[in-house]
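Residue-level structure breakdown
The residues making up each chain are set out below.
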Amino acid sequence: ILSLQRDFYNIITYNKIWFFDDLCLLFLGGCYIIHILLKTNKGEFMGNINVYSGPMKSGKTQEILNEYKRQLIAGRSVQMFKPLIDTRNGDCIAVRNGINIPAVLIKRIADLKKYDVDAYFIDEFQFLKGDVSIIQEMADNGKKFFISGLNLTSEKKPFGKMPELLAIADNI
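Computed from a predicted model, the values in this text were never measured in an experiment.

The next point concerns the pattern of salt bridges. Taken as a whole and assessed by the stated rule, the structure comprises five salt bridges. Glu 137 is the salt-bridge partner of Lys 113, the closest N and O atoms lying 3.9 Å from each other. Note that Lys 113 is positioned in the loop between β8 (104-106) and β9 (119-122) and Glu 137 in helix α4 (residues 133-140), a separation of 24 residues in sequence. A salt bridge links Lys 161 to Glu 164; its shortest N-O distance comes to 3.4 Å. We classify Glu 164 as partly exposed; its relative accessible area is 39%.

Right under this line is the structure:
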(Lines give C-alpha, C1' and ligand atoms only; values in the text may rest on other atoms or scores of the structure.)
Protein backbone atom coordinates (compact mmCIF):
# COMPACT_ATOMS: atom_id res chain seq x y z
CA ILE A 1 0.00 0.00 0.00
CA LEU A 2 2.86 2.39 0.79
CA SER A 3 4.34 1.99 -2.68
CA LEU A 4 0.84 2.41 -4.10
CA GLN A 5 0.61 5.80 -2.35
CA ARG A 6 4.05 6.86 -3.55
CA ASP A 7 3.24 5.90 -7.13
CA PHE A 8 -0.27 7.36 -7.16
CA TYR A 9 0.64 9.70 -10.01
CA ASN A 10 1.80 6.76 -12.15
CA ILE A 11 -1.38 4.86 -11.36
CA ILE A 12 -3.51 7.75 -12.59
CA THR A 13 -1.35 8.27 -15.66
CA TYR A 14 -0.78 4.71 -16.88
CA ASN A 15 -3.65 2.68 -15.48
CA LYS A 16 -7.36 3.11 -14.91
CA ILE A 17 -9.22 4.33 -11.85
CA TRP A 18 -12.99 4.36 -11.32
CA PHE A 19 -14.64 6.07 -8.34
CA PHE A 20 -18.07 4.94 -7.22
CA ASP A 21 -20.24 6.09 -4.32
CA ASP A 22 -18.32 4.25 -1.61
CA LEU A 23 -15.48 2.43 -3.33
CA CYS A 24 -12.61 2.97 -5.68
CA LEU A 25 -11.72 0.38 -8.33
CA LEU A 26 -8.16 0.38 -9.66
CA PHE A 27 -6.91 -1.58 -12.64
CA LEU A 28 -3.22 -2.01 -11.91
CA GLY A 29 -0.81 -4.33 -13.65
CA GLY A 30 -3.56 -6.59 -14.98
CA CYS A 31 -5.29 -6.85 -11.59
CA TYR A 32 -8.32 -5.12 -10.15
CA ILE A 33 -7.88 -3.64 -6.68
CA ILE A 34 -11.00 -2.62 -4.77
CA HIS A 35 -10.58 0.01 -2.09
CA ILE A 36 -13.63 0.67 0.08
CA LEU A 37 -13.90 4.31 1.02
CA LEU A 38 -14.88 4.43 4.68
CA LYS A 39 -17.75 6.71 5.60
CA THR A 40 -19.07 8.01 8.88
CA ASN A 41 -22.59 7.24 9.98
CA LYS A 42 -23.55 10.66 8.56
CA GLY A 43 -22.57 9.45 5.07
CA GLU A 44 -19.42 11.57 4.92
CA PHE A 45 -15.98 10.18 4.21
CA MET A 46 -14.02 9.45 7.39
CA GLY A 47 -11.25 11.80 8.27
CA ASN A 48 -8.09 10.92 10.10
CA ILE A 49 -5.18 12.45 11.95
CA ASN A 50 -1.68 11.63 10.73
CA VAL A 51 1.23 12.89 12.83
CA TYR A 52 4.89 13.03 11.83
CA SER A 53 6.96 13.52 14.96
CA GLY A 54 10.63 13.29 15.83
CA PRO A 55 13.79 15.34 16.33
CA MET A 56 14.88 18.27 14.19
CA LYS A 57 16.05 17.44 10.66
CA SER A 58 14.39 14.01 10.67
CA GLY A 59 12.29 14.64 7.53
CA LYS A 60 8.94 15.52 9.13
CA THR A 61 8.25 18.52 6.89
CA GLN A 62 9.33 16.62 3.79
CA GLU A 63 6.80 13.89 4.64
CA ILE A 64 3.88 16.30 4.90
CA LEU A 65 4.95 17.97 1.63
CA ASN A 66 5.00 14.55 -0.06
CA GLU A 67 1.48 13.86 1.23
CA TYR A 68 0.40 17.36 0.16
CA LYS A 69 1.35 16.50 -3.42
CA ARG A 70 -0.49 13.15 -3.24
CA GLN A 71 -3.66 14.83 -1.98
CA LEU A 72 -3.48 17.41 -4.79
CA ILE A 73 -3.08 14.65 -7.38
CA ALA A 74 -6.10 12.89 -5.87
CA GLY A 75 -8.13 16.06 -6.48
CA ARG A 76 -8.70 17.01 -2.85
CA SER A 77 -8.82 20.60 -1.64
CA VAL A 78 -5.80 21.24 0.58
CA GLN A 79 -4.37 24.02 2.72
CA MET A 80 -0.97 24.33 4.39
CA PHE A 81 -0.69 26.02 7.80
CA LYS A 82 2.13 27.05 10.07
CA PRO A 83 2.28 28.87 13.41
CA LEU A 84 2.58 32.64 13.32
CA ILE A 85 5.52 32.36 15.74
CA ASP A 86 7.56 30.43 13.12
CA THR A 87 9.15 33.31 11.20
CA ARG A 88 11.45 31.17 9.06
CA ASN A 89 10.74 31.50 5.32
CA GLY A 90 7.95 34.06 5.81
CA ASP A 91 4.58 32.59 4.94
CA CYS A 92 6.00 29.47 3.25
CA ILE A 93 6.86 25.96 4.31
CA ALA A 94 10.31 25.12 2.99
CA VAL A 95 12.48 22.01 2.93
CA ARG A 96 16.18 21.63 2.27
CA ASN A 97 15.71 20.52 -1.35
CA GLY A 98 14.39 23.99 -2.25
CA ILE A 99 10.64 23.31 -2.38
CA ASN A 100 8.50 26.11 -0.94
CA ILE A 101 4.74 25.91 -0.45
CA PRO A 102 2.70 28.94 0.66
CA ALA A 103 1.11 28.54 4.10
CA VAL A 104 -1.53 30.33 6.12
CA LEU A 105 -0.11 31.71 9.36
CA ILE A 106 -2.22 30.80 12.40
CA LYS A 107 -1.89 31.47 16.10
CA ARG A 108 -4.36 29.00 17.60
CA ILE A 109 -5.73 25.58 16.71
CA ALA A 110 -9.24 27.10 16.52
CA ASP A 111 -8.10 29.19 13.52
CA LEU A 112 -8.32 26.01 11.42
CA LYS A 113 -12.11 26.14 11.61
CA LYS A 114 -12.09 29.24 9.37
CA TYR A 115 -10.98 27.09 6.42
CA ASP A 116 -13.12 24.46 4.72
CA VAL A 117 -10.84 22.06 2.87
CA ASP A 118 -10.57 18.27 2.59
CA ALA A 119 -7.02 18.02 3.94
CA TYR A 120 -5.22 20.22 6.46
CA PHE A 121 -1.41 20.28 6.61
CA ILE A 122 0.24 21.79 9.68
CA ASP A 123 3.97 22.21 10.18
CA GLU A 124 5.62 22.94 13.56
CA PHE A 125 2.45 22.06 15.48
CA GLN A 126 4.24 22.25 18.85
CA PHE A 127 4.02 26.07 18.70
CA LEU A 128 0.22 26.24 18.42
CA LYS A 129 -2.03 27.00 21.38
CA GLY A 130 -5.57 25.85 22.02
CA ASP A 131 -7.78 22.80 22.30
CA VAL A 132 -6.57 19.72 20.40
CA SER A 133 -10.08 18.24 20.53
CA ILE A 134 -11.01 20.68 17.73
CA ILE A 135 -8.86 18.60 15.38
CA GLN A 136 -10.55 15.39 16.56
CA GLU A 137 -13.98 16.94 16.00
CA MET A 138 -13.05 18.05 12.47
CA ALA A 139 -11.60 14.61 11.66
CA ASP A 140 -14.81 13.00 12.92
CA ASN A 141 -16.60 15.15 10.35
CA GLY A 142 -14.50 13.83 7.46
CA LYS A 143 -11.45 16.11 7.44
CA LYS A 144 -7.93 14.73 7.00
CA PHE A 145 -4.97 16.08 8.93
CA PHE A 146 -1.26 15.72 8.22
CA ILE A 147 0.69 17.31 11.04
CA SER A 148 4.39 17.56 11.82
CA GLY A 149 6.04 18.70 15.02
CA LEU A 150 8.74 18.15 17.59
CA ASN A 151 7.60 15.81 20.33
CA LEU A 152 10.25 16.88 22.88
CA THR A 153 12.09 20.06 23.83
CA SER A 154 15.89 20.19 24.00
CA GLU A 155 15.50 19.32 27.70
CA LYS A 156 13.64 16.10 26.73
CA LYS A 157 10.31 17.42 28.03
CA PRO A 158 6.99 17.12 26.13
CA PHE A 159 6.66 20.03 23.71
CA GLY A 160 3.49 22.13 23.61
CA LYS A 161 0.31 20.32 22.59
CA MET A 162 2.17 17.46 20.88
CA PRO A 163 1.48 14.88 23.65
CA GLU A 164 -2.28 15.56 23.38
CA LEU A 165 -2.12 15.36 19.60
CA LEU A 166 -0.20 12.09 19.66
CA ALA A 167 -2.83 10.64 22.01
CA ILE A 168 -5.63 11.18 19.45
CA ALA A 169 -3.64 10.45 16.27
CA ASP A 170 -4.81 7.68 13.94
CA ASN A 171 -1.32 7.25 12.47
CA ILE A 172 2.06 8.27 13.89
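Turning our attention to the packing of aromatic side chains. All told, the structure shown has six aromatic pairs when counted by the stated rule. Relative to Phe 121, the ring of Tyr 68 lies with its centre 5.2 Å away and its plane at 75°, an arrangement referred to as edge-to-face. Here the residue Tyr 68 occupies a position in helix α3 (residues 60-73), and Phe 121 occupies one in strand β9, the gap between them amounting to 53 residues. You can call Tyr 68 buried: its relative accessible area is 14%.

In this section: the nonpolar core. Residues Ile 49, Leu 112, Phe 125, Ile 135, Phe 145 and Leu 165 are the most contacted members of the largest nonpolar core, which totals 22 residues. For this core, the element with the most residues is α4, which contributes four residues. Contact partners of Leu 112, with chain neighbours within four places excluded, come to Phe 81, Ile 106, Tyr 120, Ile 122, Ile 135, Met 138 and Phe 145.

For α4, the complete set of buried residues consists of Ile 134, Ile 135, Met 138 and Ala 139. All buried residues of α4 project into a common sector of 135° when viewed along the axis, lining one side. Elements that come into contact with the buried residues of α4 comprise β4 (48-53), β9, β10 (144-149) and α5 (162-168). Positive backbone phi, at 100°, marks Gly 142, one or two positions downstream of α4.

Here the focus is the sheet that holds strand β5 (residues 78-83). In space, the five strands of this open sheet follow the order β4-β10-β9-β5-β8, with parallel pairing throughout. Here the strands that pair on one side only, and so sit at the sheet edges, are β4 and β8. Within this sheet the neighbouring strands show an average axis-to-axis angle of 25°, counted without direction. Note that β5 and β9 share four bridges and pair parallel. Bridge pairing links Met 80 to Phe 121 in β9. Taken strand by strand, α3 contacts β4, β5, β9 and β10, and its axis lies near 160° from that of β10.

Procedures and definitions
Per chain, residue numbering runs from 1 following the sequence as it is written. For a predicted model such as this one, the threshold for reporting local features is a pLDDT of at least 70, and the threshold for listing and counting side-chain atom pairs is 80 or more; totals across whole chains, interfaces and linings nevertheless cover every residue. As a rule here, side-chain values cover all heavy atoms of the structure and leave hydrogens and water aside. Think of a salt bridge as a Lys or Arg side-chain nitrogen and an Asp or Glu carboxyl oxygen that are within 4 Å of each other. Helix numbers and strand numbers start at the N terminus; a helix is a DSSP run of H or I with at least 4 residues, a strand a run of E with at least 2. Three labels apply to residues, based on accessible area from a 1.4 Å probe with only protein chains included: buried if under 20% of the type maximum, exposed if over 50%, partly exposed otherwise in between. Any Phe, Tyr or Trp ring, taking Trp's six-membered ring, that has another such ring centre within 6.5 Å forms a pair; planes under 30 degrees apart are called stacked, those over 60 apart edge-to-face, and the others tilted. Here, nonpolar core refers to any group of buried Ala, Val, Leu, Ile, Met, Phe, Trp, Tyr and Cys residues whose side-chain atoms link them within 4.5 Å. The contact definition used throughout considers only heavy atoms, calling two residues in contact when any of these lie within 4.5 Å. Directions pointing from the helix axis toward each C-beta atom define the arc. Here, a strand pair is defined by DSSP locating no fewer than two bridges between the strands. Here an axis means a line fitted to C-alpha atoms, over the contact stretch when the element is a helix, while the angle between two N-to-C directions is reported on a 0 to 180 degree scale.

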